[in-house]
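Summary of structural features
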Amino acid sequence: MGFYPAQIQALKALWQAVHGATGIPYEAPENQFGKTSTKYVQDVVYGKFQGIVSHYHCSKRKIDCAGLDIHTLIQEVKSEE
């Protein structure tokens with residue numbers, strides 16, 4: 001189904017605010033192809049990753065049912081700054 005453009009813009013604005021207030025880097029867990037990982041990432045759970053993550057990065061029981069491409073959106077945020 002996807003997201004409405006207004007939802008994507010609000011998410012990117014939230015990431016910008018969080019980044020500005022906390023310094024959390026514009027990074028996301030990636031797979032071997034340089035795309036957003038859609039799987040559990042052990043480094044996230046053990047606090048060895050700093051960046052933007054989703055619920056499925058923290059639990060083996062979660063999936064990304066909406067297809068949010070965090071990596072691409074982060075690149076857009078970076079280019080907008």
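Remember, predicted model here, so these are calculated numbers, not experimental data.

Quick notes on the overall build of the protein chain
Within the protein chain, the secondary structure is distributed over 4 helices and 0 strands. In sequence order, the secondary structure elements of the protein chain are arranged as α-α-α-α. If you line up the protein chain on its principal axes, its C-alpha atoms span 30 × 30 × 20 Å. Within the protein chain, the fraction of its 81 residues that count as buried is 25%. Expressed as a percentage of contacts within the protein chain between residues at least 6 apart in sequence, the contacts between residues at least 24 apart total 48%. A gap of 11 Å separates the mean positions of the 8 positive and 8 negative side-chain charges of the protein chain.

Structural notes on helix H1 (residues 5-22)
Structural remark: α-helix, 3.6 residues per turn; residues separated by three or four positions point the same way. For H1, built from 18 residues, the straight-helix expectation of 26 Å at 1.5 Å per residue is met to within 8% by its first-to-last C-alpha distance of 26 Å. Taken together, the buried positions of H1 are Ile-8, Lys-12 and Trp-15. Here the buried residues of H1 occupy an arc of 55 degrees about the axis, which is enough to place them on one side. Exposed side of H1, more than 90 degrees from the buried face: Ala-6, Gly-20 and Ala-21 are the residues found there. As for H1, its buried residues are in contact with helix H4 (70-80).

Let's talk about the side chain of Ser-37
Structurally, Ser-37 can be placed in the loop between H1 and helix H2 (42-45). Judged by its relative accessible area of 7%, Ser-37 is buried. From its side chain, Ser-37 meets the backbone nitrogen of Lys-39 in a polar contact 3.3 Å long. Setting aside chain neighbours within four positions, we find Ser-37 in contact with Pro-29, Glu-30, Asn-31, Tyr-56 and His-57.

Considerations on the pattern of salt bridges
Within the structure shown, the criterion is met by 3 salt bridges. Taking the shortest distance from any N to any O, the salt bridge between Lys-12 and Glu-76 comes out at 2.8 Å. Taken together, the residues span a long stretch of sequence, with Lys-12 in helix H1 and Glu-76 in helix H4 at a distance of 64 residues. For Glu-27, the salt bridge goes to Lys-78, with nearest N and O atoms at 4.0 Å. On the criterion of sequence distance, the pair formed by Glu-27 in the loop between H1 and H2 and Lys-78 in helix H4 is long-range, its members being 51 residues apart. With relative accessibility at 37%, the residue Glu-27 sits in the partly exposed group. Residue Lys-78 is classed as partly exposed on the basis of its relative accessible area, which comes to 36%. A network of salt bridges, in which partner residues are shared, links Lys-12, Glu-76 and Glu-80.

What counts, and where the lines are drawn
- Residue numbering note: each chain is counted from 1, following its sequence as written.
- Only residues with pLDDT of at least 70 are given local features in this predicted model, and only at 80 or more are side-chain atom pairs given and counted; all residues enter the totals for whole chains, interfaces and linings.
- Remark: hydrogens and water are excluded; side-chain values derive from all non-hydrogen atoms of the structure.
- Strands here are runs of E lasting at least two residues and helices are runs of H or I lasting at least four, both read from the DSSP assignment and numbered beginning at the N terminus.
- Each residue is placed in one exposure class: buried if its accessible area under a 1.4 Å probe, protein chains only, is under 20% of its type's maximum, exposed if it is over 50%, and partly exposed if it falls in between.
- Contact definition: two residues touch when any of their heavy atoms are within 4.5 Å.
- Working convention for charge: Lys and Arg count positive, Asp and Glu count negative, and His plus the chain ends are omitted.
- In this description, the location of a charge corresponds to atom NZ of lysine, CZ of arginine, CG of aspartate or CD of glutamate.
- How far a helix is expected to stretch is found by multiplying one less than its residue total by 1.5 Å.
- Taking the helix axis as origin, the arc is that swept by the directions to the C-beta atoms.
- Between N or O atoms, a polar contact is any pair within 3.5 Å; within protein, one atom must be a potential hydrogen donor and the other a potential acceptor, and residues adjacent in sequence are included only when both atoms are from side chains.
- For this document, the term salt bridge refers to a Lys or Arg side-chain nitrogen within 4 Å of an Asp or Glu carboxyl oxygen.

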